[in-house]
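Here are the chains, one letter per residue:
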Amino acid sequence: GQTNLKSPQDIQVYVVNTNFTLRWNYTGNHTNVTFSAEYRWFEDFVTNETEWKELPGCQSVASMECDFSSAITKYYDTHHVRIRAERREEVSPWSSIFEMIPYLIAEIGPPGIRLQSTNGVIKIKVSPPEANQVRKMWIDDLSFKYDLVIWENSSNAEFRSRSIFPTDIIDDLAPDTTYCLKVQATLPLDFKEGLFSPIRCVKTTHKVNDLFCATNVSVLALNMKFHLHWNNQYKQHVSYNVQYLIGYLKKLHDDYSVKWLSVPGCENITDTECNFSPIIATTSGFYYLRVQAMSEYNKSCLSNEIKVDPLITNEIGPPGVKVDISDVLLHIQISPPGGSENEVMRDRYDLSYRILYWKNSSNNEEEIKVKELKQTIGVVSDLAPSTMYCVKVQAFSEVYNKSSHYSREECIKTPGDKILPLIILATFVTALIAVCLVAMPLVFAVYQAYSKIKYVFFPSCQPPLNIEGFGQQVFSTPYLITTEERIENFSVIEPIVIEVNQIDFKDHKHSNQSSRDSGNYSNDDDTSGSKVSEETLEKEIV
């Protein structure tokens, strides 16, 4: 059971696309030595031992490598490979096992390229690494991205790199110059970089410059309003047709030259600008625009293409700001850029707001304070009373690293201190109470004097007629009614008057009674008349 053959070492498997190569080293005597390999695989993560099988393409091989591409068809399963040395009936021990999952160790092969030099540019068409192959390691060709390296074919060449589409145009080249280039396919999601294509060289031509062609094509975009601008050097009549292409069409390997569409409202125009906002149907993709110029002789010229990625190309405008004061709180109301109805600006950019506020005074060294928030309503406290504050706001997006210009300044003055108004109010109330306390007795005294004077000189009623002449007294005051006057109505005499008259009446009655007792009056008519007068007066009083 002993053998002089050593086992192969440094087992490696190299995979490019679906091409598998096994390589190893051997340190023993090579005379008449061959090598044979075996393999096994575990399907669907099953780890049970499976039977070893001969590896096709790697049996009795005299060299240090073999191709076993035809043996591997399960690119996502685990495979084991081992190899041994053989000399006639003598065999070495098996080497260590090499374990692999083909997809994980595979490299991306070089893509195919075709070049065409025309009108000062180079047109390039790239084929995916496994084009026209039945068995593929990379199932989705659309997942590939292509990186180009180009340089002038000279001794002091400067290498330039850029990403390209499967069908693309390389411009900004010097005329009559030989350029060399190579292309690499990558899978960014899998962090895989492929092999470069063979180097190809081509010489550029002169570019035909037509004066009526649109030049300096640029995009101005603010708050999701997009405008295309260009220059016109032609002095004669020229019309323009603005065209656009949906970006994902360039990712395809098909010919997209017939899929350009005209921008509505920008067909056969003479202006050098176009509002293409209506074609921006989604912000998740990108677009290409170009200007087709038509001369008066029906000659056509296409401008350079310009890429528009809506959320990246667009600029954020300044927000709107309103300020208000309540007590010593400054309320700030922010209107999002583009208006509250612009959901793209509000949601896609995930806007935040930076508030600057400061005291508007003659002191230029006043500190400017900063406050950041996500909401459109902000409150600033700790303000000084009777002070003018100014505010301006900036909108920014951390996700897209974009910020707007600051809004216009809005200034407002805080209310004054409340202590002084309270002191003034308390003083006024105290003075008012004091005035009332002094004035009320005076007013009462004046009112009483006025009432007495009015009663004496301007009474509201007159005494009855038959009061006049009682006790042979003549009432000659102008305030008593004469006997000739006819009394139709009378009023109740006020209590103080009634008391006085009652006293007078009693005195008068007493004097009459005394006269009768003394015998001064004996005339019955007089006596009867007095009695009638007395009865009448008593009735009136009652």
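Look up a bit, the structure's there.
Now for a look at the structure at hand. Sequence order sets the numbering: in each chain, residues are counted from 1 along the sequence as written. Only residues with pLDDT of at least 70 are given local features in this predicted model, and only at 80 or more are side-chain atom pairs given and counted; all residues enter the totals for whole chains, interfaces and linings. For side-chain calculations, the full set of non-hydrogen atoms in the structure is used, while hydrogens and water are omitted.

**A few points about the sheet that holds strand 1 (residues 9-16)**
Going by this rule: The criterion for strand pairing is that DSSP finds at least two bridges linking the strands in question. Helix and strand assignments follow DSSP, with helices taken as H or I runs no shorter than four residues and strands as E runs no shorter than two, numbered in order from the N terminus.
With mixed pairing, four strands are arranged side by side in an open sheet as 5-2-1-9. Strand pairing shows two members of the sheet lacking a second neighbour, strand 5 (65-67) and strand 9 (106-107), which therefore form its edges. Summarising the sheet, strand 1 and strand 9 pair through two bridges and their orientation is parallel. Bridge assignment links valine 16 to a residue of strand 9, and that residue is glutamate 107.

**Things to note about the pattern of salt bridges**
Stated formally: Any Lys or Arg side-chain nitrogen found within 4 Å of a carboxyl oxygen on Asp or Glu counts as a salt bridge. Only protein chains enter the area calculation, which uses a 1.4 Å probe; residues under 20% of their type maximum are buried, those over 50% are exposed, and those in between are partly exposed.
Taken as a whole and judged by the stated rule, the model has eleven salt bridges. Between glutamate 315 and lysine 402 there is a salt bridge; the shortest N-O distance is 3.6 Å. Of the two residues, glutamate 315 sits in the loop between helix 2 (310-313) and strand 26 (320-326) while lysine 402 sits in strand 32 (residues 402-403), which places them 87 residues apart along the sequence. Since its relative accessible area comes to 11%, lysine 402 is described here as buried.

**What about the side chain of threonine 414?**
Just so we agree on the cut-off: Here a polar contact is taken to be a pair of N or O atoms separated by no more than 3.5 Å, where protein atoms must pair a possible hydrogen donor with a possible acceptor and residues adjacent in sequence count only if both atoms sit in side chains. By the convention used here, residues are in contact when the closest approach between their heavy atoms is within 4.5 Å.
Here threonine 414 is to be found in the loop between strand 33 (410-413) and helix 4 (419-457). A polar contact of 3.0 Å, which involves the side chain of threonine 414, links it to the backbone nitrogen of serine 386. From its side chain, threonine 414 meets the backbone nitrogen of threonine 387 in a polar contact 2.9 Å long. Apart from residues lying up to four places away in sequence, threonine 414 is in contact with Ile325, Leu383, Ala384, Pro385, Ser386, Thr387 and Tyr389.

**Some remarks on the packing of aromatic side chains**
What counts here: What counts as a ring pair is set by centres within 6.5 Å for rings of Phe, Tyr and Trp (its six-membered ring), and what kind of pair is set by the plane angle: stacked under 30 degrees, edge-to-face over 60, tilted for all other angles. Charge-over-ring placement is defined geometrically: NZ (Lys) or CZ (Arg) within 6 Å of the ring centre, and within 35 degrees of the ring normal.
Per the stated rule, a full pass over the model turns up 16 aromatic pairs. Members of the aromatic cluster, each reached through a chain of ring pairs, are Phe20, Phe68 and Tyr75. The positively charged end of arginine 290 is found above the aromatic ring belonging to tryptophan 260, 4.0 Å away from the centroid.

**With respect to the state of the cysteines**
Just so we agree on the cut-off: Any cysteine sulfur atom paired with another within 2.5 Å is treated as part of a disulfide.
Tallied over the full model, the rule gives five disulfides. Across a sulfur-sulfur distance of 1.9 Å, cysteine 390 and cysteine 411 are joined as a disulfide pair. Its S-S torsion of approximately 100 degrees makes the covalent link between cysteine 390 and cysteine 411 right-handed. You can see cysteine 390 sitting in strand 31 (residues 388-397) and its partner cysteine 411 sitting in strand 33, a full 21 residues away along the chain. When the bonded cysteines of the protein chain are numbered from the N-terminus onward, they pair as 1-2, 3-4, 5-8, 6-7, 9-10.

**Observations regarding the environment of threonine 414**
Threonine 414 sits in the buried class, given a relative accessible area of 3%. Taking the C-alpha atoms as reference points, threonine 414 and alanine 384, 30 residues apart in sequence, are found 7.2 Å from one another.

**Focus on the nonpolar core**
The line we're drawing: To qualify as a nonpolar core, a set must consist of buried Ala, Val, Leu, Ile, Met, Phe, Trp, Tyr and Cys residues joined through side-chain atoms within 4.5 Å. Residue ranges assigned to the domains are those given by an automatic or database domain assignment.
In terms of nonpolar packing, the biggest core is built from 51 residues, with Leu228, Trp230, Phe276, Leu289 and Ile332 touching the most fellow members. Counting the residues that make up this core, at least three belong to each of domain 3 (215-313) and domain 4 (319-413). Counting residues in hydrophobic clusters, the runner-up holds 48 residues, among them Trp24, Val33, Ile113 and Phe144.

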